[in-house]
Amino acid sequence: MRLRKETDSMEEKDVLLVAQISDALAHPARIRIFRHIMSCNKKRQPVCNKDLVKEFGYAQATISQHVKKLVDANLLQVQKRDRLSCYYVHLGTLQQYLEATRKFENM
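Residues numbered from 1 in each chain as written. Predicted model: local features only at pLDDT ≥ 70, side-chain atom pairs only at ≥ 80, totals over all residues. Heavy atoms only, no water.

The next subject is the overall build of the chain. Across its full length, the chain holds 5 helices and 2 strands. What you see in the chain, going N to C, is helices and strands ordered as α-α-α-α-β-β-α. The C-alpha radius of gyration of the chain comes to 17 Å, more than 25% above the 13 Å expected for a compact globule of 107 residues. Across its three principal axes, the chain shows a C-alpha extent of roughly 70 × 25 × 20 Å. Within the chain, the fraction of its 107 residues that count as buried is 33%. Restricting the contact set of the chain to residue pairs at least 6 apart, pairs at least 24 apart contribute 58%. If you sum the accessible surface of the chain, you get close to 7,800 Å²; carbon and sulfur atoms cover 51% of it. (Helix = DSSP H or I, 4+ residues; strand = E, 2+ residues; numbered from the N terminus. Rg over C-alpha atoms; globule rule 2.2 N^0.38 Å. Buried < 20%, exposed > 50% of the residue type's maximum accessible area, 1.4 Å probe, protein only. Contact = heavy atoms within 4.5 Å. Areas by Shrake-Rupley, 256 points an atom, 1.4 Å probe, with all protein chains shown as cover.)

A few words on the environment of L25. In this fold, L25 is placed in the loop between α1 (12-24) and α2 (28-42). According to the relative accessible area criterion, L25 is buried, its value standing at 17%. Linking L25 and L70, residues 45 residues apart in sequence, is a C-alpha distance of 7.6 Å. Beyond its immediate sequence surroundings of up to four residues, L25 is in contact with I31, F34, L70 and L75.

A word on α1. With 13 residues, α1 ought to run about 18 Å at 1.5 Å a step, and its terminal C-alpha atoms sit 19 Å apart, in line with that. The complete set of buried residues in α1 reads D14, L17, V18, I21 and A24. Buried residues along α1 cover an arc of 130° about the axis, so they all sit on one side. For α1, the exposed residues lying more than 90 degrees away from the buried face are E12 and L16. Among the structural elements, α2, α4 (60-72) and α5 (91-102) are those in contact with the buried residues of α1. (Expected span 1.5 Å × (residues − 1). Arc of directions from axis to C-beta.)

As a further point, take the side chain of R30. Among the structural elements, R30 can be located in helix α2. No salt bridge is formed by the buried R30, whose closest oppositely charged neighbour, D23, lies at an N-O distance of 5.4 Å. (Lys, Arg positive; Asp, Glu negative; His and termini not counted. Salt bridge = Lys/Arg side-chain N within 4 Å of Asp/Glu carboxyl O.)

Turning next to the pattern of salt bridges. Applying the stated criterion across every chain yields a total of 5 salt bridges. One salt bridge in this structure joins D14 and K13, with 3.6 Å as the shortest N-O distance. Taking relative accessible area as the criterion, D14 reaches 5% and is therefore assigned buried. Put simply, D23 and K69 hold a salt bridge, and the shortest N to O gap is 2.8 Å. Of this pair, D23 sits in helix α1 while K69 is found in helix α4, placing the two residues 46 residues apart along the sequence. Since its relative accessible area comes to 40%, D23 is described here as partly exposed.

What follows is the structure, encoded as structure tokens:
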């Protein structure tokens, strides 16, 4: 008698997405930065590097490194305004991440 192999509801793309986003959010400063940008976006306030430096007191280079990690994970989108880069939360990626993490419990 053969036992049926359990089907895993997590596809490879979901596993990769969860790993990528979790890595991007693995630093407390990046979580704070991400949440701050999300809060500002809800109020329709643009956020750029100088705003983040002022809010968190980190060096500009430190902010840039953290933001780059969030942008590379597609959690943030960048829009150029004159010489400034404004950041916006990519809600589609966040939603995909949340849906993929829900699949952990469905084994």
